[in-house]
Structure formats: C-alpha cells, structure tokens
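Now for the letters of each chain:
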Amino acid sequence: TVLPIGPGGVIAEPEALPVAPSRFEHAIAALWLCDCLDPLSALTGVRRALRPGATLQLLCAGPRARADFGLRVGPRALDRMVTRAGLESPVVRGRSEAGAPCPAEDALWLELTARRPLA
C-alpha cells in the first residue's frame, strides 16, 4: 500500500499525520515539507506510518528554490534530518528547473529516497 502525502493524497499538518503506525509499504511526499514548522517531527511521523523495510520518496524545495517556499533545505541538512527521524540509506538527488539531474547543492528541487530499518 502507498501513502500519498500532499496534493491528491493525505492533506494534513506535516507534524500531525493522521495515519496508523506501520501501515504503509511506500510513502510519496511532494513539496510537503514546505509548510513544516518542525520538519524532524514530520519525518518521524512518516517513519512511524511506514512498515519496517518500507520506502519514503520525498520531493522538496532545494537550495535554489524561490524564496516564497516556506522551507528550502540543503542536501546535507535533509540527509541529517531523515537519519535523525529514524530512516536509513538516504539518497539525495538534485534536479534543475527543467527537471534535469544537477549537483544537489545547486538544485531547485531535491529528491530523496530512504527506508525504514527492518529492526
């Protein structure tokens, strides 16, 4: 089962995701962290909703995103937040305005893939 977060999926305060623990095998969140006051708490909530071994795919505003995004994040900070939230093996990729791969430090968008540990 997939947990879609954001437009077309679960719409909720990022820090108060209304889902049962260990329910989903895959979570996809697009531009969801932009409205967070506490992104670590929001990511911890997603981890809790995932089954052990499940995957999170996240799209968020990167370092070169417009200033009107509530939260822009760099690749190292995103990696640290996801790890502190209890997810592992984070891979962060950068995307340019055209959607092409680019260095994460220069990205308009960051794509992250991580998983909940089995234990």
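Here, the structure is the one placed above.
The model shown is predicted, which means the values in this text are computed figures rather than measured ones.

Some words on the pairing of strand S6 (residues 109–115)
Inspection of the sheet shows strand S3 (residues 50–61) paired to S6 by 7 bridges, in the antiparallel sense. Considered in S6, the bridge of Leu59 is made with Glu111. By the bridge criterion, 6 bridges tie strand S4 (residues 88–95) to S6 in an arrangement that is antiparallel. Within S6, the residue paired with Gly94 across the bridge is Leu110.

Some remarks on the nonpolar core
Judged by nonpolar contacts, the single largest core of 27 residues is most densely connected at Leu33, Leu43, Leu50, Leu56, Leu58 and Leu78. Once residues lying within four places of it in the same chain are set aside, the contact partners of Leu50 are Ser22, Phe24, His26, Ala27, Thr55, Leu56, Leu87 and Arg116.

Here's the deal with the pattern of salt bridges
Within the structure shown, the criterion is met by 5 salt bridges. One salt bridge in this structure joins Glu25 and Arg51, with 2.7 Å as the shortest N-O distance. With Glu25 in strand S2 (residues 24–30) and Arg51 in strand S3, this residue pair connects regions lying 26 residues apart in the sequence. For Glu25, a relative accessible area of 43% translates into the label partly exposed. Look at Arg51 and you get partly exposed, because its relative accessible area is 34%.

Cut-offs applied
Residues numbered from 1 in each chain as written. Predicted model: local features only at pLDDT ≥ 70, side-chain atom pairs only at ≥ 80, totals over all residues. Heavy atoms only, no water. Pairing = 2+ DSSP bridges. Helix = DSSP H or I, 4+ residues; strand = E, 2+ residues; numbered from the N terminus. Core = buried A, V, L, I, M, F, W, Y, C linked by side-chain atoms within 4.5 Å. Buried < 20%, exposed > 50% of the residue type's maximum accessible area, 1.4 Å probe, protein only. Contact = heavy atoms within 4.5 Å. Salt bridge = Lys/Arg side-chain N within 4 Å of Asp/Glu carboxyl O.

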